[in-house]
Amino acid sequence: MSGRHIMTAEEIRRATIRISHEIVEKQAGTSGLALVGIQRRGVPLARRIAASIAENESVDVPVGALDITFYRDDLSLVAQQPVVKGTDLPFDLNGSTIVLVDDVLYTGRTIRAAMDALVDFGRPQAIRLAVLVDRGHRELPIRADHVGKNVPTSREEIVRVHLAEIDDEDAVLIDRVEVREPEAEPVA
Amino acid sequence: MTVPPAAEISTPADDAPVVVPSVDAAPETQAVAWRHRHLLDLDVVSWPEIELVMRTTDAMREVLERPIAKVPALRGRNVTILFYEASTRTRVSFEVAAKNLSADVVNIAAATSSVSKGESLVDTVRTVEALGAELLVIRHAVSGAPYLAAETFSGSVINGGDGWHAHPTQALLDLYTMRAHLPGGSVEGRKVVILGDVLHSRVARSNIWSLTAAGADLWLCGPATLLRGFEAWAGRGAAAGRRFHVTSSVDEALRDADVVMALRIQRERMASGLLPSLREYAARYGLSAARLALARPGALVMHPGPMNEGVEISPDVAAGTQSLITEQVTNGVAVRMALLYLLAGTRPGDAA
């Protein structure tokens, strides 16, 4: 599938580094900080941000993975069952500052589900949100604290993030949707 | 009700899910869809679908290990559990599974319901549907009763055991437990022995479908009186290419077995003349430590419960290091969570 590039590999790299600096600045250090990537592409992004923090601050920030499948609000709307990728939060959330990491922020429903899931694991002192792309069209009162790139889009477009860990290349692409089944409409 | 043709025997499917592009937050979907509105038996469930249940069960096991073992996937959905037969583990297992998914659970024990006043099964099903039931778990002493319920009920019916016929959730939790403990995580080519009262066993009948589909070398063993009809079934083969043997020789069955599943002697269903005495049965067919020694070292010991210890299984084997009987119960919760989740995601119009 083709598509217009809206971020190159180099831009993704720089945005990730900038976000890592912003996170540390906002927290005034790394104490109590933990990153949680939302399955699937939020997880490698969270690892990259952690690696960048390690490089600049010489501190290893814990990284977890969160699968929100069972917290979705659209079980009877999706055409097929989602692949459950697994949740792994190898640290105590109580009192920590959790930075949720995801690739694209769109309706905000994924983030709503992720926050519901997180609070079932403990009581973080704060939850923040970092995304690579914010494409607008929120359906919930949710905003990101750290954004790689704001991309104005129409609802008829789809934004695809490719990461080398999963897709063998780094790129953010935008496509015009041709004719789509209504059930393929992103809802969470 | 149209019944699809007998299970298609697909080759064990490659595990790789179809990778669809990340469309914002739309989920990556399973390569195989669950398309059954009901779970009545495993004869119509294909091997890729069984593997989907196994993968979903893995995810549910992870949920069970969380500090709060509860997710909101079925919030606001009504699961009604209608049991016409005594049960502890299956009924409680379904109830715990439904509650772990945040469903609303209604429990009906037939003995204390209007069934005791003579209400028919169909009327009871209509009544629970009118009271809001969306997923109906049913156990009945009459084989086929859940099929009748499924014809009336507009939601999903799960067979929690019907007569001698089928107990699909038990067979799936048995398969899951075996895969979790066999080297390589597969029962393919493994010698699996089901030992005991096969004749009255819905557990055995459902396990025949799933274990032969999984490629196991399946052996049924018991006194000839408790194997009636199964020789003919084995002679035909459960389906093409499946390995399925029937024998009355315990030694032949147990030799080099990888898994031994003992079945309860179902005294409540036993017609006279099938067994000389329980004592003789225990002596000739009971799973003792000496008999278990014929199997491979470390062979897995299973029992669907409840056990008559000292009859079909000796207490030291049941509580021994090779026994997975308690883990079967834990896995039963995870498997039933997976099935409730998959069935709740189906829509009217999906196949039975």
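Draft legend 1. Main features of the overall build of chain B. What chain B contains, in helices and strands, is 12 helices and nine strands. Partitioning the intrachain contacts of chain B with sequence separation of at least 6 by distance along the chain shows that 77% fall at a separation of at least 24.

Draft legend 2. Helix H2 (residues 89-100) of chain B, seen in detail. Residues and elements named next belong to chain B. The end-to-end C-alpha separation of H2 is 16 Å, in line with the 16 Å expected for 12 residues at 1.5 Å each. Those residues of H2 that fall on the buried side of the exposure criterion are Thr-90, Arg-91, Ser-93, Phe-94, Ala-97, Ala-98 and Asn-100. Looking one or two residues past H2, Ser-102 carries a phi angle of roughly 70 degrees, positive in sign.

Draft legend 3. Layout of the domain arrangement of chain B. All names here are of chain B. Structurally, chain B comprises domain 1 (42-167 + 331-344) and domain 2 (169-324). Centre-to-centre, using C-alpha coordinates, domain 1 lies 25 Å away from domain 2. Going through the elements one at a time, helix H1 (47-64), strand E4 (156-162) and helix H12 (325-344) are the ones with two or more residues in the side of domain 1 that touches domain 2. Looking at the side of domain 1 that touches domain 2 residue by residue, the classes come out as 10 nonpolar, eight polar and four charged.

Draft legend 4. Structural context of the sheet that holds E4 of chain B. All names here are of chain B. If you walk across this open sheet you meet the four strands as E2-E1-E3-E4, and the pairing is parallel. In this open sheet, the two strands that pair with only one neighbour each are strand E2 (104-109) and E4. Each neighbouring strand pair of the sheet contributes to a mean axis angle of 15 degrees, computed without reference to strand direction. Note that strand E1 (residues 78-83) and strand E3 (residues 135-140) share five bridges and pair parallel. Paired with Val-79 across the bridge in E3 is Leu-135. This element, H2, spans E1, E2, E3 and E4 of the sheet and lies at about 175 degrees to E1.

Draft legend 5. Quick look at the nonpolar core. All names here are of chain B. Counting 159 residues, the largest nonpolar core has Val-193, Leu-195, Val-260 and Leu-340 as the members making the most contacts within it. Looking at which element gives the most residues to this core, the answer is H12, with 12 residues. Counting contributing residues, this core receives three or more from each of domain 1 (42-167 + 331-344) and domain 2 (169-324). With residues up to four places along the chain from it excluded, the contact list for Leu-340 reads Leu-74, Val-79, Ala-97, Ala-98, Leu-101, Ala-103 and Leu-135.

Draft legend 6. Looking closely at the pairing of strand E3 (residues 63-66) of chain A. Residues and elements named next belong to chain A. Burial along E3 is two-sided: the residues Val-63 and Ala-65 and Gly-64 and Leu-66 are all buried. As paired elements, strand E2 (residues 33-38) and E3 share four bridges and run parallel to each other. Within the sheet, the bridge partner assigned to Leu-35 lies in E3 and is Val-63. Tracing the backbone out of E2, into helix H2 (residues 42-57) and back to the parallel element E3 gives a crossover that is right-handed.

Draft legend 7. Structural view of the confidence of the model for chain A. Model confidence for chain A is summarised by a mean pLDDT of 89, while 89% of its residues fall at 70 or above. Note that residues 183-188 of chain A has pLDDT below 50 and, in this model, 18 contacts with residues that lie over four places away or in other chains.

Draft legend 8. Expanded view of the sheet that holds E3 of chain A. Residue and element names in this part refer to chain A. Strand order in the open sheet made by the five strands is E3-E2-E4-E5-E6, with parallel pairing throughout. Of all the strands in the sheet, the pair left with one neighbour each is E3 and strand E6 (146-150). For this sheet, the mean inter-axis angle between neighbouring strands, taken without regard to orientation, is 25 degrees. Bridge count between E2 and strand E4 (residues 97-105): five bridges; the pairing is parallel. By the bridge assignment, Gly-37 is partnered in E4 with Val-101. Sitting on the sheet, helix H1 (residues 9-27) is in contact with E2, E4, strand E5 (126-134) and E6, with an inclination near 150 degrees to E6. Along the sheet, helix H3 (residues 109-119) contacts E2, E3, E4 and E5; its crossing angle with E4, the most-contacted strand, is approximately 155 degrees.

Draft legend 9. Region of the structure containing the packing of H1 of chain B against H12 of chain B. Residue and element names in this part refer to chain B. Two elements in contact, H1 and H12, have axes separated by 8 Å at closest approach and are oriented at 115 degrees. When you trace H1 past H12, the crossing you get is right-handed. Mapping the contact onto sequence places Val-53, Thr-56, Thr-57, Met-60, Arg-61 and Leu-64 in H1 and Val-333, Ala-334, Val-335, Met-337, Ala-338, Leu-339, Tyr-341 and Leu-342 in H12. Its residues placed into classes, the contact of H1 with H12 shows 11 nonpolar, two polar and one charged.

Draft legend 10. Spatial organisation of the packing of helix H5 (residues 168-181) of chain B against H12 of chain B. Residue and element names in this part refer to chain B. Where H5 meets H12, the closest approach of the two axes is 9 Å, and the angle between their N-to-C directions is 115 degrees. Here the hand of the crossing between H5 and H12 comes out right-handed. For the pair H5 and H12, the contacting residues are Thr-169, Leu-172, Leu-173, Asp-174, Tyr-176 and Thr-177 in the first and Glu-327, Gln-328, Asn-331, Gly-332, Val-335, Arg-336 and Leu-339 in the second. For the contact of H5 with H12, the residue count by class is five nonpolar, five polar and three charged.

Draft legend 11. Representation of unusual backbone geometry. The omega torsion across Gln-39 of chain A and Arg-40 of chain A is 10 degrees, close enough to zero to call that bond cis. Along the chain, Arg-40 of chain A falls in the loop between E2 and H2. Pro-306 of chain B follows Gly-305 of chain B through a cis peptide bond whose omega is -10 degrees. As for its placement among the helices and strands, Pro-306 of chain B is situated in the loop between strand E9 (300-302) and helix H11 (315-318). For His-137 of chain A, which is not glycine, the phi torsion reads 65 degrees and is therefore positive. Turning to its location among the elements, His-137 of chain A is positioned in the loop between E5 and E6.

Conventions used here
Sequence positions are assigned chain by chain, starting from 1 and proceeding in written order. As a convention, the first chain written is A and the first ligand written is 1, with the rest following in written order. A pLDDT threshold of at least 70 governs which residues receive local features in this predicted model, and a stricter bar of 80 or more applies before side-chain atom pairs are shown or counted, although totals over entire chains, interfaces and linings include all residues. Counting from the N terminus, the helices are DSSP H or I runs at least four residues long and the strands are E runs at least two residues long. In this description, a residue-residue contact is defined by the distance between C-beta atoms placed from the backbone, which must lie within 7 Å. The span one expects for a helix is its residue count, reduced by one, times 1.5 Å. We call a residue exposed when 12 or fewer other C-beta atoms sit within 10 Å of its C-beta, buried when the count reaches 20 or more, and partly exposed for counts in between; the C-beta positions come from the backbone. Note that the domain bounds reflect an automated or database-derived domain assignment. Amino acid classes used here: Ala, Val, Leu, Ile, Met, Phe, Trp, Tyr, Cys and Pro are nonpolar; Asp, Glu, Lys and Arg are charged; the rest, including Gly, are polar. Pairing between two strands requires that DSSP report at least two bridges joining them. Geometry is summarised by axes, namely lines fitted to C-alpha atoms with helices restricted to the contacting stretch, and by angles between N-to-C directions that run from 0 to 180 degrees. The term nonpolar core means buried Ala, Val, Leu, Ile, Met, Phe, Trp, Tyr and Cys residues held together as one set by C-beta atoms within 7 Å. Note on handedness: a clockwise path from strand one over the helix to strand two, with the strands aimed away from the viewer, defines a right-handed crossover. On a range of 0 to 100, pLDDT expresses the predictor's confidence in each residue. Helix crossings fall into two classes, left-handed where the near helix is turned counterclockwise from the far one by less than a right angle and right-handed where it is turned clockwise.

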